[in-house]
Amino acid sequence: MTLTQIIILSIIQGLAELLPVSSSAHVIAAAKIFHLDPTTPQFVLMLVMLHTGTMFAVIVYFAKAWKRTFFHSQDEFVRFATKIVIATGITGFLGLGLQKGIEHLTDPGYTRLESWSISDTDPGHPRPTGSTLLTHLVATANGARLFKAGETLTLNVKKNGDPLPYEPITVAPTSSLNDLLTSFRHGFAIDTKRMPTRSGIPKPGVTLIQDDNNPKAVHIVITGNEGHENKYKLADGFVDSAEQVRINFADTTKGEVEHLFKRMDLIAYALAAAGVLIFFTGIVIYFMKAGRKGITTADGIWLGVTQGLSLPFRGFSRSGATISVGLLRGISRQRAEEFSFAMAVALTPPVLLYEAYRMYEHAKATTPIPLGISDFMPGIKGLIFSFLAGLVALKVLSKLLEKGQWWIFGIYCLAAATAVYWMHTHGYGN
C-alpha cells in the first residue's frame with residue numbers, strides 16, 4: 001500500500017466516520033478502486049487504527065462539551081459513565097453474538113488448510129514438486145530451512161473436537177515431499193473416495209498449488225471432507241520434538257465477518273437502509289419540539305442495541321443509526337451527538353486490541369516472520385490524517401444538526417448506495 005493510498009483512505013475515513021454516511025462503506029469502495037483486499041487482517045487493523053485517529057478527533061472536539069455536560073459533578077459523571085458502560089456492554093454482547101452467527105452462516109462446511117509458502121533450495125527446479133527432498137525445502141518468506149535429516153515431526157490436529165492419532169515422522173535423507181503429503185492424508189483421516197454432495201465443495205485430498213505471488217514457490221493445501229463433523233483444528237502447526245514450528249497452516253475457509261466486505265451489494269443495501277432511517281428521522285424531528293437534554297438508562301440500552309446491530313454490517317452507519325435512534329427517542333440534537341460519539345470512544349480501544357490480536361494470529365499462521373512494527377506503520381501514518389479530517393467532519397455535522405438538516409445525510413446515503421451498487425454490477429466487488 002502506497003503512502004498516497006494511505007492518505008486518501010485516511011481522509012475518506014476521517015470525513016465519513018464522523019459524518020453519518022458509513023466510513024467503512026466509503027473506505028472499502030475506495031480500496032476496491034485501488035485493487036486492495038479489504039478482507040485481510042492487515043487492512044482491517046489499519047481500518048481500526050484510522051478509527052482511532054477519528055476517536056482522538058472526537059475527544060479533542062467534544063472535550064469542552066463533555067466537561068460541561070457530563071463531568072461538571074461527580075454524580076453526573078457516575079450517571080454518565082454508568083450509561084456508557086451499559087451501552088458498551090450491550091454493544092459488545094450483541095455485536096459479538098452477531099459476528100459469531102455470521103461466521104457460522106458463512107462457513108462453507110469443509111476445511112481448507114493452506115501452508116506457508118515454501119521453496120526449493122535447488123536452483124535447477126522452478127518450484128518444489130512431490131519428488132523434492134524435505135531437506136531442500138525452505139520458507140519462502142525468510143529462506144530458513146524447514147526440515148533437517150534426523151528430526152522427528154508431529155502434527156497436533158483435532159477433528160470435531162477430538163484429537164486424531166498422528167504418527168510422528170522422522171525425516172530421512174531420502175524423505176520427499178510426497179512422503180509428507182501421504183503422512184498428512186493419513187493423519188487427517190481424509191477419505192479421498194468420498195465425493196462432495198454440494199456444488200462448490202472441492203474434492204478432499206492433499207495437494208500442492210503454486211504460490212500466486214512467487215512462481216518458484218508452492219503451498220501445501222489440505223482439503224477435508226464435507227460436513228462440520230469433519231472440521232479440523234490445529235494446535236501449534238507442524239512441529240519438531242522441541243515443539244518448534246517447522247510449518248504452519250491457515251484455515252482459509254473459516255467463516256469471517258470480514259468476508260462480507262467483498263459483497264458490495266450487501267454494503268449498498270446497508271447504506272440504503274441507513275439512508276432511509278436517517279431521512280425518516282430528519283423528517284420526524286422537523287415537526288418535533290425541542291428534545292430533552294437528559295440521557296436515561298433506557299436511552300443507553302436502546303443506543304447500545306443500535307450500535308451493536310451496526311457493528312458487523314459495513315455500510316450501516318454507526319453514528320447515523322445511534323444519533324437517529326437518540327433523536328427519535330426525544331433526545332436533543334446536541335446531546336444525541338455527544339453521547340453517540342462518547343460510545344464510540346469507549347468502544348474503540350477494545351476493538352483495536354482485538355484486531356491487533358487477530359492480525360498477530362493470522363501472521364503466525366501464514367508466515368514464519370514475526371509480526372513487527374512495520375505491519376502497523378500504514379495505520380500509524382493514516383491515523384494522523386484521519387484525525388485532521390475528523391475535526392473537519394465534526395464541524396460540518398454539528399452545523400447541519402443545529403440547522404435541522406439531518407435529512408441531508410439520508411439523501412447522501414441513498415445516493416452512495418446507488419453508486420456502490422453500480423460498482424457491484426460492474427465487477428468491483430468480485
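Cut-off values and rules
Residues numbered from 1 in each chain as written. Predicted model: local features only at pLDDT ≥ 70, side-chain atom pairs only at ≥ 80, totals over all residues. Heavy atoms only, no water. Helix = DSSP H or I, 4+ residues; strand = E, 2+ residues; numbered from the N terminus. Buried < 20%, exposed > 50% of the residue type's maximum accessible area, 1.4 Å probe, protein only. Contact = heavy atoms within 4.5 Å. Areas by Shrake-Rupley, 256 points an atom, 1.4 Å probe, with all protein chains shown as cover. Patch = residues over 30% accessible without salt bridge, like charges linked within 9 Å, V, L, I, M, F, W, Y side chains within 5 Å. Salt bridge = Lys/Arg side-chain N within 4 Å of Asp/Glu carboxyl O. Lys, Arg positive; Asp, Glu negative; His and termini not counted. Charge placed at Lys NZ, Arg CZ, Asp CG, Glu CD. Expected span 1.5 Å × (residues − 1). Arc of directions from axis to C-beta. Phe/Tyr/Trp six-rings, centres within 6.5 Å; stacked < 30°, edge-to-face > 60°. pLDDT = per-residue confidence, 0-100. Pairing = 2+ DSSP bridges. Axes fitted to C-alpha atoms, helices over the stretch in contact; angles between N-to-C directions. Left-handed = near helix turned anticlockwise from the far one by under 90°. Nonpolar A, V, L, I, M, F, W, Y, C, P; charged D, E, K, R; others polar. Parallel < 35°, antiparallel > 145°, perpendicular 65-115°, else oblique.

## Observations concerning the overall build of the chain
No. 1: The helix and strand inventory of the chain stands at 11 helices and 11 strands.
No. 2: In terms of overall dimensions, the chain has a C-alpha envelope of 85 × 50 × 40 Å along the principal axes.
No. 3: For the chain, buried positions account for 48% of its 430 residues.
No. 4: Taking as baseline every contact in the chain between residues at least 6 positions apart, the subset at least 24 positions apart corresponds to 74%.
No. 5: If you sum the accessible surface of the chain, you get close to 20,400 Å²; carbon and sulfur atoms cover 62% of it.

## Overview of a positive patch on the surface
No. 1: Together, Lys100, Lys158, Lys233 and Lys254 line one region of the surface with positive charge.
No. 2: Counting through the fold element by element, lysine 100 comes out in helix 4 (residues 74–106).

## A look at helix 10 (residues 377–402)
No. 1: Between its first and last C-alpha atoms helix 10 spans 38 Å; for 26 residues at 1.5 Å apiece the expected length is 38 Å, and the two agree.
No. 2: Looking only at helix 10, the buried set comprises Gly379, Gly382, Ser386, Ala389, Gly390, Ala393, Leu394, Leu397, Ser398, Leu400 and Leu401.
No. 3: Within two residues after helix 10, glycine 404 carries a phi angle of roughly 70°, on the positive side.

## So, helix 5 (residues 177–187)
Each α-helix turn comprises 3.6 residues. Residues three or four places apart therefore point the same way.
No. 1: Buried within helix 5 are the following residues: Leu177, Leu180, Leu181, Ser183, Phe184 and Gly187. Along the axis of helix 5, the buried residues cluster in a sector spanning 160°; they form a single face.
No. 2: Alanine 189 occupies a position one or two residues after helix 5 and carries a positive phi of about 55°.

## Description of the packing of aromatic side chains
No. 1: Applying the stated criterion to the full structure yields 14 aromatic pairs.
No. 2: Seen from their ring centres, phenylalanine 188 and tyrosine 232 are 4.9 Å apart, and the 80° between their planes marks the pair as edge-to-face. Here the residue phenylalanine 188 occupies a position in the loop between helix 5 and strand 7 (205–211), and tyrosine 232 occupies one in strand 9 (residues 232–240), the gap between them amounting to 44 residues. The pair formed by phenylalanine 188 and tyrosine 232 is uniform in burial state, with each residue classed as buried.

## Quick look at the pattern of salt bridges
No. 1: Summed over the entire model, instances satisfying the criterion amount to 10 salt bridges.
No. 2: Between glutamate 76 and arginine 79 there is a salt bridge; the shortest N-O distance is 2.9 Å. Of this pair, glutamate 76 and arginine 79 both sit in helix 4, three residues apart, roughly one helical turn.
No. 3: For lysine 231, the salt bridge is made with aspartate 107, and the minimal N-O distance between the two is 3.3 Å. Of this pair, lysine 231 sits in the loop between strand 8 (214–223) and strand 9 while aspartate 107 sits in the loop between helix 4 and strand 1 (112–115), and the two are 124 residues apart along the sequence.
No. 4: Accessibility expressed as a relative area gives 17% for aspartate 107, which makes it buried.
No. 5: It is possible to trace a salt-bridge network through shared partners that takes in Glu151, Asp240 and Arg246.

## Overview of the confidence of the model for the chain
No. 1: Averaged over every residue, the pLDDT of the chain is 84; residues scoring 70 or more account for 94%.
No. 2: Put simply, helix 2 (residues 23–33) is where the chain has its lowest mean pLDDT, 79, and helix 7 (residues 297–310) is where it has its highest, 93.

## Comments concerning the pairing of strand 1
Successive side chains on a regular strand alternate, one facing one side of the sheet and the next facing the other.
No. 1: As paired elements, strand 1 and strand 8 share three bridges and run antiparallel to each other. Bridge pairing in strand 8 links arginine 112 to threonine 223.
No. 2: Relative to strand 11 (residues 249–251), strand 1 is paired through three bridges, and the arrangement is antiparallel. Bridging across to strand 11, serine 115 finds its partner in phenylalanine 249.

## A few points about a nonpolar patch on the surface
No. 1: Residues Val276, Phe279, Ile283, Tyr286, Phe287, Trp407, Ile408, Ile411 and Leu414 make up a contiguous nonpolar surface patch of roughly 860 Å² in combined accessible area.
No. 2: Mapped onto the nonpolar patch, the elements with two or more residues apiece are helix 6 (264–286) and helix 11 (407–425).
No. 3: With respect to the secondary-structure elements, tryptophan 407 resides in helix 11.
No. 4: With relative accessibility at 35%, the residue tryptophan 407 sits in the partly exposed group.

## Regarding the packing of helix 1 (residues 3–17) against helix 10
No. 1: Closest axis-to-axis distance for the helix 1/helix 10 pair is 7 Å, and the angle between their directions is 35°. Once helix 1 is placed against helix 10, the crossing between them reads as right-handed. Side by side, helix 1 and helix 10 meet where Leu3, Ile6, Ile7, Ser10, Ile11, Gln13, Gly14 and Leu15 of the first sit next to Pro378, Lys381, Gly382, Phe385, Ser386, Ala389, Gly390, Val392 and Ala393 of the second.
No. 2: Within the contact of helix 1 with helix 10, the residues separate by chemical class into 10 nonpolar, six polar and one charged.

## Side note on the packing of helix 2 against helix 6
Between two packed helices, the angle of one axis relative to the other and the distance separating the axes together describe the packing.
No. 1: Remark: helix 2 packs on helix 6, axes separated minimally by 11 Å, with the N-to-C direction vectors making an angle of 150°. Between helix 2 and helix 6, the angle is such that the two are roughly antiparallel. Along this stretch, helix 2 crosses helix 6, giving a crossing that reads as left-handed. Here Ala25, Ile28, Ala29 and Lys32 of helix 2 come into contact with helix 6, specifically with Met264, Ile267 and Leu271.
No. 2: The class makeup of the residues in the contact of helix 2 with helix 6 is six nonpolar, no polar and one charged.

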